[in-house]
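Chain residues, written in single-letter form:
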Amino acid sequence: MTFTDLFIKRPVLAMVVSLVILIAGLQSIRALSVRQYPRSDIAVVKVTTAYVGANADLVRGFITTPLERVIASADGIDYMESSSAQAVSTITVHLKLNYDTNAALTQIQAKVAQVRNDLPPEAEAPVIQLETADNQFAALYLGFSSSDLDQTQITDYLTRVVQPKLSAVSGVQRADILGNRTFAMRIWLKPEKMAAMGISASQVRDALADNNYLSTLGQTKGSMVSVNLVANTDLKTPEEFRRLVVKQDKGAVVRLGDIADVVLGAENYEQDVRFDGQGAVFMGVWPLPNANSLDVIKRVRSEIALIQKDLPTGLSGGIAYDATKYIEDSIHEVLKTLSETLLIVAVVIPATVKVSVPIAPL
């Protein structure tokens, strides 16, 4: 007697075991995380340091190299890569598989703090970010374009309205603006006029730093009155910047508008994004690593439908790429294959049983 004979002699027991397996399978389906690729706990720590005005060689020598030297001594590092560009240093630290990300992040922060005072005073504090490396591309990309608004205005609207709404959707890790052009006051210096008036670029920078800042005066109190003090010490419009005094010499006043063109533009013009042939701004939506991408993107699509109703006149937005389409097609193919298999089994087994039934002798 074999083990399988038990189920033949006791069909009720066989049915109960089959039902238990079926219920366990249905329960496990609800707990599965649907992803385009298998999840792997590989983390990346990015250390970004801005050094405004420095070229790539200076950034590499005074920022990237000192930081690399101390970060390399931290535990859990698989390998590092770095890039030094104009005004910015980026160090990417790839951690070992399944290494404790919190421990690695703490060590890297401590290492960076050791050399913070050795970096140039003009350099900004290093920004340390922890990211997962198992998904390098967003699950959903959105494109926003307009025939009436330029890219800086689109970026401003996305930053104020769209990005907070998408980031608040349950299961969304982050919603980044790609190809953005943030508003900035651009001052294009004229070297020939500066040389004629004896003004250097450092003098212009000092004049801007001394005359354009946010002042915090506090408050004053009397026996009956308390007044918050506010001083308008910052400049807001191009005309206010043009009137800024850069130099005074023997009664002669040189203003910023005399030696430079001042316009309200963007922080950088190094990248250009287009959607359907028009200048546009993209957004990428990343789900959480442990979230079901199908459910997250479904909620994001519902939020996008509400956002599109309130878009300003002339601004249009659409989905440029959706990675969950591939997942949905794969699931559809699996269900289709299972259905075909069940149908074939349901047709073949009864026919086989009917043929193999012995006929009793008369």
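Just so we're clear, the structure is a prediction, and the values are computed from it rather than from any experiment.

*Asks:* Explain the overall build of the protein chain to me, please; I cannot follow it from the model alone.
*Replies:* When helices and strands are counted, the protein chain shows 11 helices and 15 strands. Against the globule reference of 21 Å for 362 residues, the protein chain gives a C-alpha radius of gyration of 32 Å, more extended than a compact globule. Oriented by its inertia axes, the alpha-carbon framework of the protein chain measures out at about 135 × 60 × 55 Å. Residues classed as buried in the protein chain amount to 28% of the 362 residues present. Carbon and sulfur atoms make up 57% of the accessible area of the protein chain, which amounts to about 23,200 Å² in all. Positive and negative charge centroids in the protein chain, built from 34 and 38 side chains respectively, lie 4 Å apart.

*Asks:* Looking at this structure, I do not really get the pattern of salt bridges. What am I missing?
*Replies:* Note that side chains of opposite charge can pair when their charged atoms are close. Applying the stated criterion across every chain, the model contains six salt bridges. As a salt-bridge pair, Glu 239 and Arg 242 come within 3.3 Å of each other at their nearest N and O atoms. On the criterion of helical spacing, the pair formed by Glu 239 and Arg 242 is a turn pair, its members being three residues apart in helix α8 (residues 238–242). The shortest N-O distance in the salt bridge between Glu 239 and Arg 243 comes to 3.7 Å. Through salt bridges with shared partners, one network takes in Glu 239, Arg 242 and Arg 243.

*Asks:* Even after reading the chapter, I still don't get the nonpolar core, so can you show me in this structure?
*Replies:* One broad trend across soluble globular proteins is that nonpolar side chains are buried collectively. Judged by nonpolar contacts, the single largest core of 24 residues is most densely connected at Phe 144, Leu 158, Val 162, Leu 166, Met 283 and Val 300. At the level of secondary structure, the elements contributing two or more residues to this core comprise β5 (140–146), α5 (151–167), β6 (172–178), β14 (278–287) and α10 (293–309). Beyond its immediate sequence surroundings of up to four residues, Met 283 is in contact with Leu 140, Tyr 141, Leu 142, Phe 144, Leu 158, Val 162, Gln 163, Leu 166, Ala 175, Asp 176, Ile 177 and Leu 178.

*Asks:* Teacher, can you tell me more about the packing of α5 against α10 here?
*Replies:* Angle between the axes and distance between the axes are the two parameters that describe a pair of packed helices. The geometry of α5 relative to α10 is characterised by a closest axis approach of 10 Å and an angle of 155° between their N-to-C directions. Considering the angle they form, α5 stands roughly antiparallel to α10. In this structure, α5 crosses over α10, and the sense of that crossing is right-handed. Contacts between α5 and α10 pair Val 162, Lys 165 and Leu 166 from the former with Val 300, Glu 303, Ile 304 and Ile 307 from the latter. When the residues that make up the contact of α5 with α10 are grouped by side-chain class, the tally is five nonpolar, no polar and two charged.

*Asks:* What exactly am I supposed to notice about the environment of Ser 316 here?
*Replies:* The residue Ser 316 is located in strand β15 (residues 315–322) in this model. Residue classification places Ser 316 among the partly exposed positions, given a relative accessible area of 40%. Taking C-alpha positions, Ser 316 is 12 Å from Tyr 157, a pair spaced 159 residues apart along the chain. Sequence-distant contacts of Ser 316, that is, excluding residues within four places in its chain, are made with Gly 143, Phe 144, Ser 145 and Leu 311.

*Asks:* I keep staring at the packing of aromatic side chains and nothing clicks. Help me out?
*Replies:* Tallied over the entire structure, the rule returns two aromatic pairs. Taking the centre distance of 6.1 Å and the plane angle of 45° together, the rings of Tyr 141 and Tyr 321 count as tilted. Of this pair, Tyr 141 sits in strand β5 while Tyr 321 sits in strand β15, and the two are 180 residues apart along the sequence. Pairwise contacts between aromatic rings join Tyr 141, Trp 286 and Tyr 321 into one cluster.

*Asks:* In this structure, what is going on with the packing of helix α3 (residues 56–71) against helix α4 (residues 101–114)? I would like to understand it.
*Replies:* The contact between α3 and α4 brings their axes to 9 Å, and the two run at 135°. In terms of orientation, α3 and α4 fall into the oblique class. In this structure, α3 meets α4 at a crossing whose hand is right-handed. Here Leu 67, Val 70 and Ile 71 of α3 come into contact with α4, specifically with Ile 108, Lys 111 and Val 112. Of the residues that constitute the contact of α3 with α4, the class distribution is five nonpolar, no polar and one charged.

*Asks:* Looking at this structure, I do not really get a negative patch on the surface. What am I missing?
*Replies:* Together, Glu 328, Asp 329, Glu 333 and Glu 340 make up a negatively charged patch on the protein surface. When you line up the elements, Glu 340 lands in helix α11 (residues 324–356). The partly exposed category is assigned to Glu 340, whose relative accessible area is 41%.

*Asks:* Help me understand unusual backbone geometry, please; the structure alone is not making it clear to me.
*Replies:* Leaving glycine aside, a negative phi is the common case for residues, and trans is the common case for peptide bonds. Despite not being glycine, Ala 87 shows a phi value in the positive range, around 75°. Tracing the backbone shows Ala 87 in the loop between β2 (77–85) and β3 (88–95).

Basis of the calculations
Residues numbered from 1 in each chain as written. Predicted model: local features only at pLDDT ≥ 70, side-chain atom pairs only at ≥ 80, totals over all residues. Heavy atoms only, no water. Helix = DSSP H or I, 4+ residues; strand = E, 2+ residues; numbered from the N terminus. Rg over C-alpha atoms; globule rule 2.2 N^0.38 Å. Buried < 20%, exposed > 50% of the residue type's maximum accessible area, 1.4 Å probe, protein only. Areas by Shrake-Rupley, 256 points an atom, 1.4 Å probe, with all protein chains shown as cover. Lys, Arg positive; Asp, Glu negative; His and termini not counted. Charge placed at Lys NZ, Arg CZ, Asp CG, Glu CD. Salt bridge = Lys/Arg side-chain N within 4 Å of Asp/Glu carboxyl O. Core = buried A, V, L, I, M, F, W, Y, C linked by side-chain atoms within 4.5 Å. Contact = heavy atoms within 4.5 Å. Axes fitted to C-alpha atoms, helices over the stretch in contact; angles between N-to-C directions. Parallel < 35°, antiparallel > 145°, perpendicular 65-115°, else oblique. Left-handed = near helix turned anticlockwise from the far one by under 90°. Nonpolar A, V, L, I, M, F, W, Y, C, P; charged D, E, K, R; others polar. Phe/Tyr/Trp six-rings, centres within 6.5 Å; stacked < 30°, edge-to-face > 60°. Patch = residues over 30% accessible without salt bridge, like charges linked within 9 Å, V, L, I, M, F, W, Y side chains within 5 Å.

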